[in-house]
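Overview (structure and organization)
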Amino acid sequence: MHLQCVLMVLFFCAVAGQAPVVSVEPRAATVRKGESVSFRCSVKLTDSSNSRPLEVQWKKANNQALPDNVKVGPDGSVLTIANAVPGNHGQYRCVASSSAGRGTANVMLTVKYAPKVRLTPSGPLRVRIGDPVSVECRAQGRPQPTLTWKRQGSTLQLVTTEANDVNTITDSGVYICLSENTEGMTEAKIEIIVERELGAPVASVSPTEITAVEGHIVTIECQASGSPPPVITWSKLRAPLPWKHTVVGGVLTLSSVGRQDSGQYICNATNIHGYSEAYTDMEVETPPYTTILPDQVRLQPGDALQLQCLAHGTHPIDLTWSRVGRPSLPPGTETTKGGKLLITKVKQSDSGTYKCVATNHIGSSEATTRVVIRRELDLS
Ligand SMILES: *[C@@H]1O[C@H](CO)[C@@H](O)[C@H](O)[C@H]1NC(C)=O
C-alpha cells in the first residue's frame, strides 16, 4: 500500500507542467512544381488541467519567413503550400507553446522540377584555333539532373575531359548542353566561332551520318579548302581504322564493314596555317546470329525441358520457336519473348528437333537443338 502511493505521486509530478506533444501528418511529401500539398499539425496536451493557453505556429526550419504561397490555416494547425515552387523545398516546423513549454515536429517537403540550365559565358564565343575553350554548363533541378554536351547536327556526345566543359573545339558551330531529370529535359545553346588564319584548312565530310549493313562497302568523302592545299588524314575515335580500308585523295573506303567498325570517323585536314577536323558517325547493322542453350538434351518422361534461344545483332530481334517436321509445338509448351521455351513435364512424344528463328530488319537466322526423351531402362 505504501509503495503504491509513492508511485502515484511520482507519476503526477512527471505529468504536471509537461510541454505539449506535437505530431505532424504527413511527415514528408514530394510534389511537382505547381502542385499543392498540406501538412497537419496535432497537439496532445498531457497536462491534466488542460486549461493553459496554447499557441500553434508553423515556421521554416531555418527560421526564414514563410514564402507568399505558403499559408497557415486559422487555428494554426494546417500548413498549405499552393502551387509549389522550387524555393519551397525544405523542412518546416510546427511549434506548439504553452506556459509549460514548447513542443516541435518537423516535416520535409521535396519539390521536384525540370532542370534549369545556365551557360557561362552565354553569348557567341570567338576563339582562335588551338586556343582552349571552356564553357561551363550549370544545371539546377530535382532530382539531380544529368549533363551532356552535344554538337548541333551530331548525335554523338562530345568527349569532354571535365564533366562540364567543352574542350578541344576546332570547328565553328552551335554546341548544346543537355540537362535531364525525371521532370523533363532542358537545353542551352552556345555558338562558338573558330577564327582561322587566312588559308587555314576547313574540312567537311559527306555523308555525316551513315547506317550500313554488315558486309557492305562504305565510302566517306572528305573535302578541304585551304592554301596551301591541306593534307588529309583519316582516323577513328578511340580505335585504329579497320584494317580493310583504303584512302585515296581524301576518300576513305571501308570494304566489308562489321559491327565493330561502328563509331566516329575523323577527317583531319592540315597545312602550315592550322588544321580542321570533320566527323562522320557510322552505325553498322547486322542480321541476327542465333544459338540455343543447351544444344542437346536427354530427358526422361516427366522431366522439365527448358531451352534458351540467344541472338546477337541489331535490335529489335524477334525470336520464334517451332519443331522441325511438325506443324506446331507440343500442347502446353510455353514460350517467352525473351526466347525461353518451357515444357514442365515432357512426354516421350515431345522428342524431336526444336528450332529457333531470329529475325530483325536486316535478315534472319536459325538454330536447332535435338531433344531426346526416353525412359531409362532399369538394368539392375
Ligand atoms: C589533326 O591534326 C592536328 C595537327 O597535326 C593534330 O594536332 C590533331 O590532334 C589531329 N586530330 C586528330 C583527331 O587526329
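Everything below is about the structure shown above.
Along each chain, residues carry numbers from 1 onward, in the same order as the chain's sequence is written. Two thresholds apply to this predicted model, a pLDDT of at least 70 for residue-level local features and 80 or more for giving and counting side-chain atom pairs, whereas whole-chain, interface and lining totals are computed over all residues.

Thoughts on the sheet that holds strand β11 (residues 146-151)
Strands qualify as paired when DSSP identifies two bridges or more between them. Strands are runs of DSSP state E lasting at least 2 residues, helices are runs of H or I lasting at least 4, and numbering of each runs from the N terminus. Spatial strand order, β9-β13-β12-β11: four strands in an open sheet with mixed pairing. Sheet topology places β9 (125-128) and β11 at the edges, where each strand pairs with a single neighbour. Across this sheet, the average inter-strand angle for adjacent strands is 30°, counted without regard to direction. Taken together, the four bridges between β9 and strand β13 (residues 184-195) define a ladder with parallel strand orientation. Across the sheet, the residue bridging to valine 127 is valine 194, located in β13. Axes here refer to lines fitted to C-alpha atoms; in helices the fit is confined to the stretch in contact. Angles between the N-to-C directions go from 0 to 180 degrees.

Comments concerning the site of the ligand
Residues are classed as near a molecule or strand if the C-beta position derived from their backbone is within 6 Å of it. The local shell around the ligand consists of Ser235, Ile266, Asn268, Thr270, Tyr275 and Glu277. Only β20 (263-271) and β21 (274-285) provide two or more residues apiece to the shell around the ligand.

Quick word on unusual backbone geometry
A cis geometry characterises the amide bond from threonine 120 onward to proline 121, with omega recorded as -5°. Looking at the secondary structure, you find proline 121 in the loop between β8 (101-120) and β9. In the segment running from histidine 315 into proline 316, the intervening peptide bond is cis, with an omega of 0°. Here proline 316 shows up in the loop between β24 (305-312) and β25 (318-323). In this structure, serine 256 is a non-glycine residue whose phi angle is positive, near 55°.

Some points on the environment of glycine 123
For glycine 123, the location among the structural elements is in the loop between β8 and β9. Exposure classes come from backbone-placed C-beta atoms, where a residue is buried if 20 or more other C-beta atoms lie within 10 Å of its own, exposed if 12 or fewer do, and partly exposed in between. Judged by the 8 C-beta atoms lying within 10 Å of it, glycine 123 is exposed. Counting along the chain gives 66 residues from glycine 123 to lysine 189, while the straight-line C-alpha distance between them is 9.1 Å.

Describing the sheet that holds β21
The strand order across the open sheet formed by four strands is β15-β21-β20-β17, and the pairing between neighbours is mixed. Each edge of the open sheet carries a strand with a single partner, namely β15 (209-213) and β17 (231-236). Strand-to-strand twist across the sheet, computed as the mean angle between neighbouring axes with direction ignored, equals 25°. Looking at chain direction, β15 and β21 are connected through five bridges and run parallel.

Read these as layout, nothing more, since geometry by itself doesn't imply function.
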